[in-house]
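# Descriptive structure summary
The primary structure of each chain is shown beneath.
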Amino acid sequence: MKTPVTEKESVPEADVSRETAKRRRKHDRFTYPVLQMICPCGSDVIPRPARFFPVKCKDLSRSGISFYLDWEPSFQRFILMIGTGDHHDYVAGEVVYVQAIAADAPGRYLVGCRLIKKLKSAAQAGEAE
């Protein structure tokens, strides 16, 4: 015969959700407050540079990135052009969540994304041969 539970353990919801998010993440996240370039794109073909636009990043890990947008994204997949100076890497990504944030934040929406795979541009593919 089962014994009924008479008391519930009281755990604040915020702590539970924060711990759950930490357990879900495979890699540590690091603050990354820099501008990088993205382009909404449904394929792994790297678009011309003029199609990319800047986003202010919040954090970065080996498998994900989050950034701010002033508008709610209508895209699910994108290509991230990440790097500085003359060297850039291209990474395919997908939106995992969109969260509306406070009006005084760098953007109206925080967009959390999974980085799927590194892509090679035509120039990079030619260098590998």
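Each remark here, short or long, concerns the structure printed above.
Here goes a summary of the coordinates provided. Since we're looking at a predicted model, the values are computed, not measured.

Inspection of every chain in the model, using the stated rule, returns five salt bridges. For Asp-44, the salt bridge is made with Arg-77, and the minimal N-O distance between the two is 2.9 Å. With Asp-44 in the loop between strand E2 (35–40) and strand E3 (53–60) and Arg-77 in strand E5 (residues 77–84), this residue pair connects regions lying 33 residues apart in the sequence. Between Arg-114 and Glu-94 there is a salt bridge, and its shortest N-O distance comes to 2.4 Å. Here Arg-114 is found in strand E7 (residues 109–119), whereas its partner Glu-94 is found in strand E6 (residues 87–100), with 20 residues between them in sequence. Members of the salt-bridge network, linked through shared partners, are Asp-44, Arg-77 and Lys-117.

Once that is clear, we can look at the environment of Lys-117. As for its position among the elements, Lys-117 is in strand E7. Given a relative accessible area of 41%, Lys-117 falls into the partly exposed group. Lys-117 sits 27 residues away from Tyr-90 along the chain, and the two C-alpha atoms are 8.7 Å apart. If we ignore the near neighbours within four places in the chain, the residues touching Lys-117 are Asp-44, Tyr-90, Val-91 and Ala-92. A polar contact is formed between the side chain of Lys-117 and the side chain of Asp-44, at a distance of 2.7 Å.

Time to look at the packing of aromatic side chains. Note on aromatic pairs: each is described by the distance of the centres and the angle between the planes. Counted by the stated rule, this structure contains five aromatic pairs. Between Phe-67 and Phe-78 the ring centres are 5.9 Å apart and the planes differ by 85°, which places this aromatic pair in the edge-to-face class. Here Phe-78 lies in strand E5 and Phe-67 lies in strand E4 (residues 64–69), a separation of 11 residues in the sequence. Phe-78 carries the same exposure label as Phe-67, and that label is buried.

With that settled, consider the nonpolar core. Counting residues in each nonpolar core, the largest one holds 17 residues, and the members touching the most others are Ile-38, Ile-65, Phe-67, Phe-78, Leu-80 and Cys-113. Secondary-structure elements contributing two or more residues to this core are E3, E4, E5, E6 and E7. If sequence neighbours within four positions are ignored, Ile-38 has contacts with Arg-51, Phe-52, Phe-53, Val-55, Phe-67, Phe-75, Phe-78, Ile-79 and Leu-80. Counting eight residues, the second-largest nonpolar core is a separate cluster that includes Cys-39, Cys-41, Ile-79 and Tyr-90.

Cut-off values and rules
- Residues numbered from 1 in each chain as written.
- Predicted model: local features only at pLDDT ≥ 70, side-chain atom pairs only at ≥ 80, totals over all residues.
- Heavy atoms only, no water.
- Salt bridge = Lys/Arg side-chain N within 4 Å of Asp/Glu carboxyl O.
- Helix = DSSP H or I, 4+ residues; strand = E, 2+ residues; numbered from the N terminus.
- Buried < 20%, exposed > 50% of the residue type's maximum accessible area, 1.4 Å probe, protein only.
- Contact = heavy atoms within 4.5 Å.
- Polar contact = N/O pair within 3.5 Å; in protein donor to acceptor, adjacent residues only side chain to side chain.
- Phe/Tyr/Trp six-rings, centres within 6.5 Å; stacked < 30°, edge-to-face > 60°.
- Core = buried A, V, L, I, M, F, W, Y, C linked by side-chain atoms within 4.5 Å.

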